[in-house]
Amino acid sequence: MPFLQRLVYALVAVSSIAGFIYIGQDIIVPFAFAVLLSVLLLPANKFLERKKVPRVIAIMLTLTFSIIFIATLIYFLASQIGSFIDDIPAIKKQLQVHFKSLQSWLYQQFSITRSSQTQFLNDAAEKFKDGGQGFLSQSISTATQSVLVLILLPVYSFLLLYYRDMIRKFLIDVFDGKDESKVKDVLIESRVIVQSYMIGLLIELGIVAVINSSGFFILGIKYAIFLGVFAAILNLIPYIGMLIASVFCMLITLTTSTHISDVFWVGVILTIVQFIDNNIIMPKVVSSKVKINALLSIIGVLIGGALAGVSGMFLSIPALAILKAIFDRVENLKPWGMLLGDEITGTSKKIILKKIIGLKK
């Protein structure tokens, strides 16, 4: 088949898959999270079944513990947000003080009068008001999707764990007999990738939350635990999450602290934690099984966000890792697997060694 024809087929297939994900995200996203949770709980289920515990009871026990963990985390965040909402009047007052200081600074430095600044803000507010309805509908849609995920997650997870043998046999039998070993390898590697990635993320979440909260406590920042945990949760979204967390934490600190320097130190702490996370915690804890290069990771996160919002950002990395496992075992797709990988291409050590030997001769 000519290259251009293969390229057209590939583009049509990718566009069709992207359109399917975008249109059916309300169904696909809960199912994808259920797959991740099922793979994460699979070792515990197998352990209980080896101890002669019936499969249904084993699944219900592991799901119950996971639901309690998720509910505890949601309750903690909700209580912290509640206390934050109670302090909104004081936050508004503090924000007005900072705003007046900013107006005076702009007038002194750039000779921009307060009336001009107020007019600019009114115009911006009017524009925001015009697009407010779309923003509100998008927020309602996101909230509805989150509730739908929480409702369907345990149901999907239970059924996936209960019918896992049948699903595995289907995935093997649907391909030709000659590809059976490759399919088994892909299934095993995908399971290992997802398990190591999810367990690593949970450990990373705890470590980053403790470091963030400790740093904020030392500074005396209000809502130290809430901001530390919130930043750690956003950090689960690769590359983009910590940037959003930094802006959010610095803004909250600006409205709750009387010292502008606290905003700077919050940014410093988050930058240091991000550096430690990227160079120590992530490589050591999250495991080297997810070998996706940074360029494709960022592109994948952005595409996932465009197709399915925040959920798509989170799901993009394990999806890319599974795709790489598939591409590496299909002859015609191996170049794509190489493109996803993090192996730095270029002059190999053997070629360099031959050149050195040649120079010596």
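As shown above, the structure is provided for reference.
Each residue is numbered by its place in its chain's sequence as written, counting from 1. At least 70 in pLDDT is required for a residue's local features to be given in this predicted model, at least 80 for side-chain atom pairs to be given and counted, and no such filter applies to totals for whole chains, interfaces and linings, which use all residues. Neither water nor hydrogens contribute to the side-chain values; these are computed over all heavy atoms in the structure.

Some points on the overall build of the protein chain
1) Next: Think of it this way: any DSSP run of H or I at least four residues long counts as a helix, any run of E at least two long counts as a strand, and we number them from the N terminus. Per the secondary structure count, the protein chain includes 14 helices and zero strands.
2) Next: Here a residue-residue contact requires only that any non-hydrogen atoms of the pair lie within 4.5 Å. Of all intrachain contacts in the protein chain linking residues separated by at least 6 positions in sequence, the fraction that spans at least 24 positions is 68%.
3) Next: About 23100 Å² of surface is accessible on the protein chain, with carbon and sulfur atoms providing 71% of the total. Exposure was quantified through the Shrake-Rupley algorithm and a 1.4 Å probe, taking into account, for residues, occlusion by the shown protein chains and nothing else.

A closer look at unusual backbone geometry
1) Next: The backbone of Lys52 sits at a positive phi, close to 70°, despite the residue not being glycine.
2) Next: Tracing the sequence through the fold places Lys52 in the loop between α2 (25-50) and α3 (55-86).

As for a positive patch on the surface
1) Next: For patch building, the residue pool is restricted to those with more than 30% relative accessible area and no salt bridge; the joining distance is 9 Å between like charges and 5 Å between nonpolar side chains (Val, Leu, Ile, Met, Phe, Trp, Tyr). Salt bridges are identified by distance alone: a Lys or Arg side-chain nitrogen within 4 Å of an Asp or Glu carboxyl oxygen. By the counting scheme adopted, Arg and Lys are positive, Glu and Asp are negative, and His together with the chain ends is not counted. Throughout, a charge is located at the NZ atom of Lys, the CZ atom of Arg, the CG atom of Asp or the CD atom of Glu. Taken together, the side chains of Lys46, Arg50, Lys51 and Arg168 define a basic patch exposed on the protein surface.
2) Next: Mapped onto the fold, Arg50 is located in helix α2.
3) Next: Only protein chains enter the accessibility calculation, which uses a 1.4 Å probe; a residue whose area is less than 20% of its type maximum is buried, one above 50% is exposed, and one in between is partly exposed. Of the residues examined, Arg50 reaches a relative accessible area of 59% and is grouped as exposed.

What about the side chain of Glu204?
1) Next: Here Glu204 shows up in helix α8 (residues 180-219).
2) Next: On the basis of relative accessibility, which here comes to 1%, the residue Glu204 falls in the buried class.

Side note on the packing of aromatic side chains
1) Next: By convention, a stacked pair of Phe, Tyr or Trp rings (six-membered ring in the case of Trp) has centres within 6.5 Å and planes under 30 degrees apart, an edge-to-face pair has planes over 60 apart, and any other such pair is tilted. Taken as a whole, this structure holds seven aromatic pairs when the rule is applied.
2) Next: Ring centres of Phe31 and Tyr156 lie 5.7 Å apart, and the angle between their planes is 80°; this geometry places the pair in the edge-to-face category. Pair noted here: Phe31 is in helix α2 and Tyr156 is in helix α6 (residues 132-162), with a separation of 125 residues, a long-range link.
3) Next: Phe31 sits in the partly exposed class, given a relative accessible area of 39%.
4) Next: We classify Tyr156 as partly exposed; its relative accessible area is 22%.
5) Next: The structure contains a cluster of three or more aromatic residues connected by ring pairs, namely Phe158, Tyr162 and Tyr163.

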